[in-house]
Every structure is written in structure tokens, then in C-alpha cells.
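# Structure assessment
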Amino acid sequence: MKSSLLALMIAAVSTGVAANGYQNESTVNYGWGDLGNTGLDFDAWQLSHRFFLTPVDTSGATPLAESAFINKNASVFGTLGRTSVEDYDQNNWSVGGEYMSSQHNFYGALEWTHYSNTDDQSASATLGYFITNDWLAGLLVEHNRPDGEGSYTNYGIMTKKLWDLGNGDMMNLEANILDYRNSSATRYGVGADYYFGKNFSAGVGYQWISDDVFSESEDSLSMRARWFAMQNLSVQAEVAFDTLETGDDVYSVGVSYRF
């Protein structure tokens, strides 16, 4: 009986490897840090699940983290989060979807987030077009409605490009610009991830807020890595210095499982 149970557990974990694909991905993340100059510590848990409308093929040379992007697999997702600051807890949840298809080059994404015990809500949308199969460009819209503070909508642009370096490695490059309509500032962001084969990546990101491109008033540098220990199981970690959200360093670790 014990041998049979162990065999079933091993088979369940390795199913994604044998099938060379997946249709679900569940992720758990834990983050912690300080809230600016307040001296208060916070920690945050997040549980998310994404369902792909068609199975994602991972049999090619594309990095496992980019399989859905290259194959243009549409998906829907939901997220539950909890942030704790001292004795105060704040829950949030979000739902959304990402639409793309191998039948055409159009792209669309939408996410809506609600924060418990408040009227805080936010929504973001992207409308884009694949210039080539591995190069996406699009328009950004972010709508925020803070509790008791009215609402405002920000607009911007984004791009994402996956480069094949020809030696089995690839590089992902991303950039975005978002104009804050309730102020005269603009948020800029750039990022890059280097894929050492299919299973491991290391990346860096930089964000800054400025009245123009070269005179930042706030900025944040992040470093991240992701490793697929198995084709359907990965771990990831990130550290962001002087984040735009908290003004301090934020750390996070997570694990994802595909099936």
C-alpha cells in the first residue's frame, strides 16, 4: 500500500514532464519589508491560479517561463492576497484574463482588484499587437478609485521582446511608460531577463518617476531569478530596492506548480 501511494505521488508530480505541456498554473508568493520611514514591518501572502483555455506546449526550445507568450495561449486568472502591518490586516482579491491567439496578432489583457473593508478598487488593461511572433507592443490603461478620494485614469505604452541569441539562450526585454493624470509626473520602467537555456533565468528591472526622462524624483531597482527544478515546478525570488510603493526594500519568494 505504501509503495502504491508513493508511486502515485511521484506520477502526479512528474505528469507535466511526461506530457510536455500544462493547462493550469498555481503560485504562492510571500513578501516582506518596511514601510518607508515609518519603521513598521509588513508581510504579504499571495495565492494565484491561472487557467489556460488551451494546453501550453513546452516541447520546444523556448524558455519554460515564456511558453505561453510564444505560443499565444489565452488564459483567465484569480488572485487572493493578504498584507499585514503590525496588528492590521488587509485582504484583496483580483480577477482577470489575457487574450491572444496563434490565429492572429491582436492582444488584450484586463485585471480588476478589490480591497476588503474599503471602497478601494483598481483596474488595468492592455490592448496590443504582435509586431512579430516574439515582439509585442501595446497601449496601457490604469484606473484607480481610492477610498473617499475620487478616481483617476492613467494612460501609457508598453513593449515586450524575446530575443533568440542562437546558442540555446534567450533574452527578454521590456519597457513601459505611464502618464499620471492626477499629477505632472510620468512613470518609466525597463527590464531584462536572461534565460540560461529553458530552466533558469536571472533578471533586473528599473522604475523611476520623473517630470522628464532624465530627472527622476523616485526610483527603484529590482533583481529577480526563477528556476524550474522540474518542468512543472519552479521557485522564484526577487528583491526590490526603494520600491515606488513603500519607499523601502521589499523581498519576495515563491513557488509555482503547473499541471
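Residues numbered from 1 in each chain as written. Predicted model: local features only at pLDDT ≥ 70, side-chain atom pairs only at ≥ 80, totals over all residues. Heavy atoms only, no water.

### Comments concerning unusual backbone geometry
Formally: Where helices and strands are cited, they refer to DSSP runs of H or I of at least four residues and of E of at least two residues respectively, numbered from the N terminus. Only protein chains enter the area calculation, which uses a 1.4 Å probe; residues under 20% of their type maximum are buried, those over 50% are exposed, and those in between are partly exposed.
Despite not being glycine, Glu-86 shows a phi value in the positive range, around 55 degrees. Checked against the element boundaries, Glu-86 lands in the loop between β3 (75–85) and β4 (88–100). On the accessibility criterion, Glu-86 (52% relative accessible area) is exposed. Look at Asn-117: it is not a glycine, yet its phi comes out positive at around 65 degrees. You can see Asn-117 is positioned in the loop between β5 (106–115) and β6 (121–132).

### As for the side chain of Thr-113
Positionally, Thr-113 belongs in strand β5. Looking at Thr-113, the relative accessible area reads 12%, which means it is buried.

### So, the pairing of strand β8 (residues 152–164)
Condition: In this analysis, strands are considered paired if DSSP registers two or more bridges between them.
Pairing between strand β7 (residues 135–145) and β8: ten bridges, direction antiparallel. Across the sheet, the residue bridging to Trp-135 is Lys-161, located in β8. Pairing geometry for β8 and strand β9 (residues 170–179), over ten bridges, is antiparallel. By the bridge assignment for β9, Met-158 is matched with Asn-176. Connecting the antiparallel pair β8 and β9 is a turn made up of five residues, with Gly-166 showing a positive phi of about 80 degrees.

### What to know about the confidence of the model for the protein chain
Formally: A residue's pLDDT is simply how confident the predictor is in it, with values from 0 to 100. In this analysis, two residues are considered to be in contact whenever any of their non-hydrogen atoms come within 4.5 Å of each other.
Of the residues in the protein chain, 91% have a pLDDT of 70 or more, and the chain-wide mean is 90. Confidence scores differ between elements of the protein chain, with helix α1 (residues 2–13) showing the lowest mean pLDDT of 43 and strand β14 (residues 250–258) the highest of 98. Confidence drops under pLDDT 50 across residues 1–18; counting only partners more than four residues distant or on other chains, this segment forms twelve contacts.

### Focus on the packing of aromatic side chains
In plain terms, the rule: Pairing of aromatic rings covers Phe, Tyr and Trp, the last counted by its six-membered ring, and requires centre-to-centre distances within 6.5 Å; plane angles under 30 degrees mean stacked, over 60 mean edge-to-face, and any other angle means tilted.
Evaluation of the coordinates by the stated rule reveals 13 aromatic pairs. Ring centres of Tyr-22 and Phe-52 lie 5.4 Å apart, and the angle between their planes is 85 degrees; this geometry places the pair in the edge-to-face category. On the criterion of sequence distance, the pair formed by Tyr-22 in strand β1 (residues 21–34) and Phe-52 in strand β2 (residues 41–57) is long-range, its members being 30 residues apart. For Tyr-22, a relative accessible area of 5% puts it in the buried group. A ring pair is formed by Trp-32 and Tyr-251, whose centres lie 5.7 Å apart and whose planes are at 20 degrees; its orientation type is stacked. Linking Trp-32 in strand β1 with Tyr-251 in strand β14, this pair joins segments that are 219 residues apart in sequence.

### Here we look at the environment of Phe-259
Position of Phe-259 relative to the elements: it lies in the segment after β14. The class of Phe-259 is partly exposed, set by a relative accessible area of 45%. Sequence separation between Phe-259 and His-104 is 155 residues, and the spatial gap between their C-alpha atoms is 27 Å. Beyond its immediate stretch of four places on either side in the chain, Phe-259 contacts Tyr-22, Gln-23, Asn-24, Ser-26 and His-49.

### Observations concerning the nonpolar core
Spelled out, the test is: Buried Ala, Val, Leu, Ile, Met, Phe, Trp, Tyr and Cys residues that are joined via side-chain atoms within 4.5 Å together make up what is termed a nonpolar core.
Ranked by internal contacts, the top residues of the largest apolar core, which has 17 residues, are Phe-69, Tyr-107, Phe-130, Leu-136, Leu-162, Tyr-180 and Ile-209. Elements with a contribution of two residues or more to this core: α3 (67–71), β5, β7, β8 and β9.

### A short note on the pattern of salt bridges
Keep this limit in mind: A carboxyl oxygen of Asp or Glu within 4 Å of a side-chain nitrogen of Lys or Arg is what we treat as a salt bridge.
Scanning the entire structure with this criterion turns up ten salt bridges. Linking Arg-50 and Glu-98 is a salt bridge whose minimum nitrogen-to-oxygen distance equals 3.6 Å. Here Arg-50 is found in strand β2, whereas its partner Glu-98 is found in strand β4, with 48 residues between them in sequence. For Arg-50, a relative accessible area of 25% corresponds to the partly exposed category. Taking the shortest distance from any N to any O, the salt bridge between Asp-134 and Lys-161 comes out at 2.9 Å. Here Asp-134 is found in the loop between β6 and β7, whereas its partner Lys-161 is found in strand β8, with 27 residues between them in sequence. Classification of Lys-161 as buried rests on a relative accessible area of 14%. One salt-bridge network, in which partners are shared between bridges, spans Glu-25, Arg-226 and Arg-258.

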